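A structural walkthrough
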Amino acid sequence: MRDRILLCLAHMSGKEMDFIKEAFDQNWVVPLGPNVNGFEKDLEDFVNRREGAAPLHKKVVALSAGTAAVHLALIACGVKAGDEVLVQSFTFCASSHPITYLGATPVFVDSERESWNMDPELLEEAIKDRIAKTGRKPKAIIPVALYGMPYRIDKIMEIANRYEIPVIEDGAEGFGSNFNGQALGTFGEYGVLSFNGNKMITTSGGGALVCPDADKAREILWYATQARESYPYYQHEAIGYNYRMSNICAGIGRGQMTIVDEHIAHHKHVQALYEEQLKDVAGITMHCNPGPEYDSNYWLCTATLDPDLRIKGQENAYKQVITGAVGGAAGVTHATSTAVTDCQPNDNVEALRMALDAANIESRPLWKPMHKQPVYKDAPAYVNGVSEALFKVGICLPAGPYVTDDDVRYITDAIKASIQR
Ligand SMILES: Cc1ncc(COP(=O)(O)O)c(C=O)c1O
């Protein structure tokens, strides 16, 4: 049996150990140092470059996680207990959970069909309605680059600017994606990046915040290092966090930045192969850049299944209680006694997931929209049915640097073989 093909697994350049060794040799085994500075410089060069235009001047602060970056961006936007923040519903929980860390309320906004990301029309409707209902403007807007696909940032920025609400771009999955030749994370006030083990590049765990200027970056740095005042002893006048990236992790990041462009090119190549291999398969549609403005990194390749498509073994879907969990979290999840919830992917999607699993291929449903999560049952939501409908028909396919052309053929053959004719 061939090795299991995983959704996305980081690939080392070989240079990581040189940076890490340097950190040990110089005794910089702390959450600051030359690797952190060097990695931030590499990230700034990367996000600031633009096609056919002068580079931007954004500053980047390296942090312990993308989730930490969301949290600090919210603090920098002045989000406090009792405030509301507009956030894309179709996302991983890390986009919205930090809102609740602050005692604020997430207000979920559904997606538009083309990009699968925040619907600008619904966003404006939500802003107007929140102002009408609460007498206050939401404090921030968080669109999310789902699976790397850019959100409609031109329209979102136009609305955000008109209502003077800051945008925090959640580009955790969109590192290396562009809209009109400009990197995601550089349009809004702040941009979130993640370097978790399964992302476009990794620092094992880590993230960063793209900031508008040096002053704002300094403020984020201050919050990320326990908000210390400059006295000869520890004096605290605000609540801070221990969110700085370690110099060891940053060494991995510097090594990764030497191959980031190759990684992005590879993800796009894998997407093109899936499109080619599946183009004639009735009932399966790959999710692609919806227009020339969009340049997705294709962090994960995603497909949708017509509800009528019959997958072998479909009658056995959801018959067994799952003991593992998605995202490599087996062993750290609560045990459950039910195999179903009131909102889940269609039986054919689950049957395809099981068929691929049996062929040693990891796949996964799309993110379950936050407005359908029990933990957010009381949060306001502006919905049009798009994210829920996509959740029911969508599936994520392997896309990382380890996925070879042969693997894509193996995966697409397994998909074709699973269809009941
Ligand atoms: C959309 C989104 N936002 C935020 C995060 C948080 O990043 P991290 O895992 O580095 O905390 C992730 C990924 O994990 C993500 O997918």
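Note that residues are indexed from 1 along each chain, following the sequence as it is written. Whole-chain, interface and lining totals are the exception, using all residues; otherwise, since this is a predicted model, local features are given only for residues with pLDDT of at least 70 and side-chain atom pairs are given and counted only at 80 or more.

1. Digging into the packing of helix α1 (residues 16-25) against helix α8 (residues 247-257)
- Where α1 contacts α8, the two axes come as close as 7 Å, and the packing angle between them is 150°. As far as their axial angle goes, α8 and α1 are roughly antiparallel. Once α1 is placed against α8, the crossing between them reads as right-handed. Here E16, F19, I20 and A23 of α1 lie close against α8, whose contacting residues are N247, I248, G251, I252, R254, G255 and Q256.
- Gly counts as polar in this scheme, as do all residues outside two lists: the nonpolar Ala, Val, Leu, Ile, Met, Phe, Trp, Tyr, Cys and Pro, and the charged Asp, Glu, Lys and Arg. Along the lines of polarity and charge, the residues of the contact of α1 with α8 split into five nonpolar, four polar and two charged. To get an axis, fit a line to the C-alpha atoms, keeping to the stretch in contact for a helix; angles then go from 0 to 180 degrees between the N-to-C directions. By definition, any uninterrupted DSSP run of H or I lasting at least four residues is a helix, any uninterrupted run of E lasting at least two residues is a strand, and each is numbered from the N terminus. When an angle is under 35 degrees it counts as roughly parallel; over 145 it counts as roughly antiparallel; between 65 and 115 it counts as roughly perpendicular; any other value is oblique. Each crossing gets its handedness from the near helix: less than a right angle anticlockwise from the far helix is left-handed, clockwise is right-handed. Whether two residues are in contact is decided by their C-beta atoms, placed from the backbone, lying within 7 Å.

2. What to know about helix α10 (residues 347-358)
- Between the first and last C-alpha of α10 there are 16 Å, a value that for twelve residues agrees with the 16 Å anticipated at 1.5 Å per step.
- With C-beta atoms placed from the backbone, a residue is labelled by how many other C-beta atoms lie within 10 Å of its own: buried for 20 or more, exposed for 12 or fewer, partly exposed between the two. Burial runs high along α10: nine of the twelve residues are buried.
- Among the residues of α10, N348, V349, E350, A351, L352, R353, M354, A355 and L356 are the ones counted as buried.
- Next to the buried residues of α10 lie β12 (301-305), β13 (364-365), α11 (386-393), β15 (394-397) and α12 (405-418). One less than the residue count of a helix, multiplied by 1.5 Å, gives the span that helix is expected to have.

3. Considering the site of the ligand
- Each residue receives a C-beta atom placed from its backbone. It is near a molecule or strand if this atom lies within 6 Å of it. Near the ligand, the surroundings consist of 14 residues, among which A65, G66, T67, A94 and S194 are the closest.
- In the shell around the ligand, the residues fall into five nonpolar, seven polar and two charged.

4. A short note on the pairing of strand β3 (residues 105-109)
- Of all five residues that make up β3, five are buried, and the element is covered over most of its length.
- Residues of β3 alternate between two faces, with T105, V107 and V109 on one and P106 and F108 on the opposite face, all of them buried.
- Sheet analysis places strand β2 (residues 84-88) next to β3, joined by five bridges and oriented parallel. When the sheet's bridge partners are listed, Q88 is paired in β3 with V109.
- Bridge count for β3 against strand β14 (residues 381-382) is two bridges, and the pairing is parallel. Residue pairing across strands places F108 opposite A381, the latter belonging to β14. In this analysis, strands are considered paired if DSSP registers two or more bridges between them.

5. Quick look at the sheet that holds β2
- Here we have four strands laid out as an open sheet, ordered β4-β2-β3-β14, and parallel in their pairing. Each of the sheet's edge strands pairs with one partner strand only, and the pair in question is β4 (141-142) and β14.
- Bridging between β2 and β4 involves two bridges; their strand directions are parallel. The partner of V87 across the bridge, within β4, is I142.
- Running at roughly 140° to β3, helix α5 (residues 120-134) makes contact with β2, β3, β4 and β14 of the sheet.

6. What about the confidence of the model for the protein chain?
- Each residue gets a pLDDT score, which is the predictor's confidence in that residue and runs from 0 to 100. When the pLDDT values of the protein chain are averaged, the result is 95; 98% of them are 70 or greater.
- Within the protein chain, α1 has the poorest average pLDDT of any element, 95, and β4 the best, 99.

7. As for α5
- Between its terminal C-alpha atoms α5 stretches 21 Å, which fits the 21 Å expected from 15 residues at 1.5 Å a residue.
- Turning to α5, its buried residues are P120, L122, L123, A126 and I127. Axial view of α5: buried residues confined to an arc of 150°, hence all on one face. Exposed residues pointing more than 90 degrees away from the buried face of α5 are listed as K128, A132 and K133. What the arc describes is the spread of directions from the helix axis to the C-beta atoms.

8. Quick look at the domain arrangement of the protein chain
- Where each domain starts and ends comes from a domain assignment, either automatic or drawn from a database. By the assigned domains, the protein chain splits into domain 1 (16-259) and domain 2 (261-418).
- Facing the 38 residues of domain 1 at the interface are 29 residues of domain 2.
- The set of elements that each furnish at least two residues to the side of domain 1 that touches domain 2 consists of β3, α5 and β6 (178-179).
- Among the elements that take part in the side of domain 1 that touches domain 2, β3 stands out by supplying five residues, more than any other.
- By residue class, the composition of the side of domain 1 that touches domain 2 is 18 nonpolar, twelve polar and eight charged.

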